[in-house]
Every structure is written in C-alpha cells, then in structure tokens.
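# Structural description and commentary
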Amino acid sequence: MFKRISALVLAGLTAMSVTACGGSGGTTSAGTGGGGGGGGDTITMGFAQVGAESGWRTANTKSIQDSAKSAGITLKFSDAQQKQENQIKAIRSYIQQKVDVIAFSPVVESGWDPVLNEAKNAKIPVILTDRAVDSKDTSLYKTFLGSDFVEEGKKAGQWLVEQYKDSKDTVNIVELQGTTGSAPANDRKAGFAEVIGADPKFKVIASQTGDFTRAKGKEVMEAFLKSNPDIDVLYAHNDDMGLGAIEAIEGAGKVPGKDIKIITVDAVKDGMQALADGKINYIVECSPLLGPQLMDLAKKVVKGEQVPPRVVTEETTFTQEQAKQVLSSRQY
C-alpha cells in the first residue's frame, strides 16, 4: 500500500514514468493570467467526466478539480450523466472554446473517432483518463492514464480459485457487470473469465450489467436470487454494485460474505467498511486519485513534450484484516 502511495507522489512531482489507475457542469478556475488556446501562461483544460455514478467517480472528480487548482490549471468541467452524446457535445464545445488540452473518461469504448479527429485537426491534444477507447488510430490521443482492468479481473479470479482450491463441488457465480460497452466492464469480465476458465467447477450462471450503481446492483441481484437459488459467489465490477447487492442478499434472508461470498473492485471507503465487517470477502483496488498525474501529463503535452502512450496505476488488493488496518486512513 505504501509503495503505491509513494509511486503516486513521485509521479506527481517528477517526469512521468510508467507507474500510474476509471455534479453539474461548470467551470473551475485556478491560477491567474491568460486563458485557453495557448493565450498567456495559464493552461486551460476541458474535462468531460462520465458522471457521478459511484463513490469512486465522485472521488475521481474531486481529485481532478483539486489537482487543477493546485497546478494552476483552469478547468472547464462537464458531467455527461453516463451518456456518450453528452461527452461528445462537451468535447466539441471545448474545441470551439480553443482550450489547450482536452481530457475525458469515455463512457464507452467505441464511437470516438469523429470527435477526436476534430480535436486533432484543431491541434488540441487529448488525454484519456481511467477508461480507454477502441480506436485503431492511436494518434488521436497523446496518452491513456488509468488502471489495467484486465489485471483487476485476474486478481479477482485468482483469489476465488485459491479459496476453492480444495473443493470438488461446482461453484455457482453471478456477475454484476459495469456499464455495457465500457472498458472496465469488458476488461474486468475478460480477466476474471480467463482465470476461472481453467477449472470447469467454476460456472458463471448469470451475468448482467448493474451500470456501476448501487441501486441497479440491488435490482439485478434481486433478480439473480429469484432465478438462481443456489448462488455461491458474487463478482461485482465495482464496490457500489456490490453494496447494492448486499442489500438484496440480506433482504432475501441470506448472510453476505458467508452464504454468498462477494468479490468487488475499487476499494472506496463504504466498500472497505463492508469488507472490514465481513459482508464483502475481497476487494481489488482501483484508485480514483488520478488528478496529480493528469495535470502533470497535461503540462507536458501542451509543451509538446513526449509522454508514455500508456500510464498504468500501481494498485493492491484487500482482505478483511487488511481493510481493518487501513480503513481509517482511506481518502475516498
């Protein structure tokens, strides 16, 4: 854990190395002097956020806003409310305003080439944060800052395999996926499936999107419980869906963490509390605190400096005892 924090601090203070992790609209200003389009010394960034669908996303937004202020960067911020069309509209607005750099966390992976080409033609560099796009033209963005979601899925699968290594019985798994088409949903599913696929006793008997929200996680888990009475494990692509599922499990008269083992991704404070309480069994960390690294990258690309095409966040995992040890110091 301390290693991860040190890496984040180092990345915010020095040249970027390959160790890095995906409210209403408005503008947050920081610093003084010129504005967008290269005028003056102040950099103007247009940032198009996915939304505010989870505790992770709220912490991510705060990190970006606070870091822009600390870095003296003028931030134009928009909330897409989990709609790709809103993000595209925001990005086009930033192009028209001639900002110095555009950053965004894509709602889904596909469909970005037209608007990214518009930014490229306007000579405005683009940085992807938290989530990737599936464009084959990597010249449309300067770098992608975020987690390795496939690796997160693998870590979840590896823990599960270890827990049931001595069992010969079938293990029935239900999966709460993230937003359909999003990079974390696609990759966390793929990584998990790759690991558990090596042993036929692990069976995913139901898999459906919960849109990364607590309410939808509860709703889908209620449906899973009605149609699948023998569930051994829940794998949720984020803590919020897992927390919603816990409500559904308790509502069905079962004990979360015991009757149904639960694995989630993120490690936000509410999730960590549930882990410490034994309602979640294992959490794979995905840090939302990308702001300092994003601002460092923004300064470099505006200056025309070379940056790594991929910056991967170093993260950890948590058991119940580990969660108890670090819970009081969680920033989000």
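Residues numbered from 1 in each chain as written. Predicted model: local features only at pLDDT ≥ 70, side-chain atom pairs only at ≥ 80, totals over all residues. Heavy atoms only, no water.

## Side note on the overall build of the protein
Along the protein, the regular secondary structure elements total eleven helices and 13 strands. Looking at the protein as a whole, 54% of its 332 residues are labelled buried. Counting every atom, the protein has about 14000 Å² of accessible surface; 49% of that belongs to carbon and sulfur. (Helix = DSSP H or I, 4+ residues; strand = E, 2+ residues; numbered from the N terminus. Buried < 20%, exposed > 50% of the residue type's maximum accessible area, 1.4 Å probe, protein only. Areas by Shrake-Rupley, 256 points an atom, 1.4 Å probe, with all protein chains shown as cover.)

## A closer look at the environment of Ala 193
Of note, Ala 193 is situated in helix H6 (residues 183–196). Overall, Ala 193 belongs to the partly exposed group, its relative accessible area being 41%. Sequence separation between Ala 193 and Val 204 is eleven residues, and the spatial gap between their C-alpha atoms is 8.8 Å.

## Some words on the packing of helix H5 (residues 149–163) against H6
At a minimum axis distance of 7 Å, the contact between H5 and H6 shows a crossing angle of 35 degrees. Regarding H5 and H6, the two cross each other, and that crossing is right-handed. Only Ala 183, Pro 184, Asp 187, Arg 188, Gly 191, Phe 192, Glu 194, Val 195 and Ile 196 of H6 make contact with H5, whose side of the interface consists of Phe 149, Val 150, Glu 152, Gly 153, Lys 154, Ala 156, Gly 157, Gln 158, Leu 160 and Val 161. In terms of residue class, the contact of H5 with H6 is made up of ten nonpolar, four polar and five charged. (Axes fitted to C-alpha atoms, helices over the stretch in contact; angles between N-to-C directions. Left-handed = near helix turned anticlockwise from the far one by under 90°. Contact = heavy atoms within 4.5 Å. Nonpolar A, V, L, I, M, F, W, Y, C, P; charged D, E, K, R; others polar.)

## Thoughts on the pattern of salt bridges
If you walk through the whole model with that rule in mind, you get 19 salt bridges. Two residues, Asp 66 and Lys 62, come together in a salt bridge whose shortest N-O distance is 2.6 Å. Of this pair, Asp 66 and Lys 62 are both found in helix H2 (residues 55–71), four residues apart, which corresponds to roughly one turn of the helix. Here Glu 321 ties to Lys 324 by a salt bridge, and the two come within 3.5 Å at their closest N and O atoms. Of this pair, Glu 321 and Lys 324 both sit in helix H11 (residues 320–326), three residues apart, roughly one helical turn. Classification of Glu 321 as partly exposed rests on a relative accessible area of 47%. Residue classification places Lys 324 among the partly exposed residues on the basis of a relative accessible area of 44%. (Salt bridge = Lys/Arg side-chain N within 4 Å of Asp/Glu carboxyl O.)

## What to know about the nonpolar core
The biggest cluster of nonpolar side chains holds 30 residues, and the ones touching the most others in it are Leu 176, Met 221, Phe 224, Leu 234 and Met 272. Residue assignment for this core shows that the elements contributing at least two residues are strand S7 (171–177), helix H7 (214–227), strand S9 (233–236), helix H8 (239–251), helix H9 (269–276) and H11. The next biggest cluster of nonpolar side chains, apart from the first, holds 23 residues, and it includes Trp 56, Ala 59, Tyr 164 and Cys 286. (Core = buried A, V, L, I, M, F, W, Y, C linked by side-chain atoms within 4.5 Å.)

## Focus: the pairing of strand S11 (residues 282–285)
Of the two faces of S11, the one holding Tyr 282 and Val 284 and the one holding Ile 283 and Glu 285 are both buried throughout. Here S11 runs beside strand S13 (residues 317–318); their pairing, made up of two bridges, is antiparallel. Opposite Val 284, over in S13, you have Thr 317 as the bridge partner. (Pairing = 2+ DSSP bridges.)

## So, H5
Counted at 1.5 Å a residue, the expected span for H5 with its 15 residues is 21 Å, and the 22 Å between its end C-alpha atoms agrees. Sitting at the head of H5, Asp 148 places a side-chain oxygen 3.2 Å from the backbone nitrogen of Val 150. (Expected span 1.5 Å × (residues − 1). Polar contact = N/O pair within 3.5 Å; in protein donor to acceptor, adjacent residues only side chain to side chain.)

## Quick notes on helix H4 (residues 113–121)
By the burial criterion, the buried members of H4 are Val 115, Leu 116 and Ala 119. Seen along its axis, H4 keeps its buried residues to an arc of 100 degrees; they face one direction. Along H4, exposed side chains directed more than 90 degrees from the buried face belong to Pro 114 and Asn 121. On its buried face, H4 is in contact with helix H3 (84–96), strand S4 (101–104) and strand S5 (126–129). Within two residues after H4, Lys 123 carries a phi angle of roughly 60 degrees, on the positive side. (Arc of directions from axis to C-beta.)

## Some points on the sheet that holds S9
With mixed pairing, the six strands of this open sheet are ordered in space as S8-S7-S9-S10-S11-S13. Of all the strands in the sheet, the pair left with one neighbour each is strand S8 (202–209) and S13. Where H5 meets the sheet, its contacts fall on S7, S8, S9, strand S10 (261–266), S11 and S13, and the angle it forms with S11 comes to roughly 155 degrees. With respect to the sheet, H8 is in contact with S7, S9, S10 and S11, its orientation differing from that of S10 by roughly 155 degrees.

## Observations regarding the environment of Asp 113
Within the secondary structure, Asp 113 sits in helix H4. When the C-alpha positions of Asp 113 and Ser 135 are compared, they lie 6.5 Å apart, and in sequence the two are 22 residues distant. Contact partners of Asp 113, with chain neighbours within four places excluded, come to Ser 135 and Leu 140. A distance of 2.8 Å separates polar atoms of two side chains, one belonging to Asp 113 and the other to Ser 135.

## A short note on the side chain of Ser 182
Mapped onto the fold, Ser 182 is located in the loop between S7 and H6. The class of Ser 182 is buried, set by a relative accessible area of 0%. Apart from the residues lying within four places of it in its own chain, the contact partners of Ser 182 are Val 107, Val 108, Glu 109, Arg 131 and Phe 212.

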